[in-house]
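# Analysis of the macromolecular model
Single-letter residue listing:
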Amino acid sequence: VVENWGISEEDLERYQGNFKRDTVATINLRDLAKQLPSLNVDKQYGQALFVDKLPPALVVGATDDFIVDNAGVIETAKYFGVEPVMIDSPHDVMLGKKFENAAIEIKKWLETLAEK
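Now for a quick tour of the structure. (Residues numbered from 1 in each chain as written. Predicted model: local features only at pLDDT ≥ 70, side-chain atom pairs only at ≥ 80, totals over all residues. Heavy atoms only, no water.)

### Structural notes on a nonpolar patch on the surface
Side chains of Ile27, Leu29, Leu32, Leu36 and Leu39 sit close together on the surface and give an oily, nonpolar patch of about 480 Å² of accessible area. Along the chain, Leu29 falls in helix α2 (residues 29-35). (Patch = residues over 30% accessible without salt bridge, like charges linked within 9 Å, V, L, I, M, F, W, Y side chains within 5 Å. Areas by Shrake-Rupley, 256 points an atom, 1.4 Å probe, with all protein chains shown as cover. Salt bridge = Lys/Arg side-chain N within 4 Å of Asp/Glu carboxyl O. Helix = DSSP H or I, 4+ residues; strand = E, 2+ residues; numbered from the N terminus.)

The structure is reproduced here in structure tokens:
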């Protein structure tokens, strides 16, 4: 048993093997690009051709996000035909110290749905 970890050497090796396997990229980006829903957009506005059939959407971005950039948030919002909501937060808006900022914006959005 690995000292103070409470797991066997065999389990540790198995877990490490899983991590190693998970680090290998297996996405064929050329094939993926042919299947993206963003190919079916209004070329002028970047909006999904079926946006009128979608349920209400909230697109949230974070001001201190180093994973999803602002351009990605804007493009996603255009696709869904909504304005993006930017939250003063890092990427994981509901998990960090500023989680209340996200909760407030979600609550406001839900209240607008209730008004309709």
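Okay, back to it.
### Re the packing of aromatic side chains
Going through the model one piece at a time under the given rule, you end up with two aromatic pairs. With 6.2 Å between their ring centres and 80° between their planes, Phe50 and Tyr79 make a pair best called edge-to-face. Of this pair, Phe50 sits in the loop between α2 and β1 (60-64) while Tyr79 sits in helix α3 (residues 70-80), placing them 29 residues apart in sequence. Owing to a relative accessible area of 33%, Phe50 belongs among the partly exposed residues under this scheme. Overall, the relative accessible area of 12% leaves Tyr79 in the buried class. The interplanar angle of 85° and the centroid separation of 5.3 Å between the aromatic rings of Tyr79 and Phe80 together place this pair among those described as edge-to-face. For Phe80, a relative accessible area of 32% gives the class partly exposed. Grouping aromatic residues by their ring pairs yields a cluster made of Phe50, Tyr79 and Phe80. (Phe/Tyr/Trp six-rings, centres within 6.5 Å; stacked < 30°, edge-to-face > 60°. Buried < 20%, exposed > 50% of the residue type's maximum accessible area, 1.4 Å probe, protein only.)

### Topic: the nonpolar core
Within the largest apolar cluster, five residues are counted, these being Ala62, Val85, Ile87, Val93 and Ala102. Not counting the four nearest positions on each side in its chain, Ala102 is found in contact with Ile87, Val93 and Met94. (Core = buried A, V, L, I, M, F, W, Y, C linked by side-chain atoms within 4.5 Å. Contact = heavy atoms within 4.5 Å.)

### Here's the deal with the environment of Ile7
Mapped onto the secondary structure, Ile7 falls in the segment before α1 (9-22). Separated by 30 residues in sequence, Ile7 and Pro37 place their C-alpha atoms 44 Å apart.

### Here we look at the pattern of salt bridges
According to the stated counting rule, one finds five salt bridges in the structure shown. Of the charged contacts, one joins Lys98 and Asp88 as a salt bridge, the two residues approaching to 3.1 Å between their closest N and O atoms. Of this pair, Lys98 sits in the loop between β2 (85-90) and α4 (99-115) while Asp88 sits in strand β2, and the two are ten residues apart along the sequence. Residue classification places Lys98 among the partly exposed positions, given a relative accessible area of 34%. One salt bridge in this structure joins Glu111 and Lys107, with 2.8 Å as the shortest N-O distance. Linking Glu111 with Lys107, this pair stays in helix α4, spanning four residues, or about one helical turn. What you see here is one network of salt bridges that share partners, running through Asp64, Asp88 and Lys98.

### Remarks on the side chain of Ser89
Summarising the element assignment, Ser89 is placed in strand β2. What makes Ser89 buried here is its relative accessible area of 1%. Sequence-distant contacts of Ser89, defined by excluding residues within four places in its chain, comprise Ala62, Thr63, Asp64, Asp65 and Lys98.

### Quick word on the environment of Glu105
For Glu105, the position within the fold is in helix α4. Given the relative accessible area of 23%, Glu105 is considered partly exposed. Each C-alpha atom of the pair Glu105 and Val85 lies 7.7 Å from the other, and the pair is 20 residues apart in sequence. When neighbours within four sequence positions are excluded, Glu105 is seen to be in contact with Val85 and Ile87.

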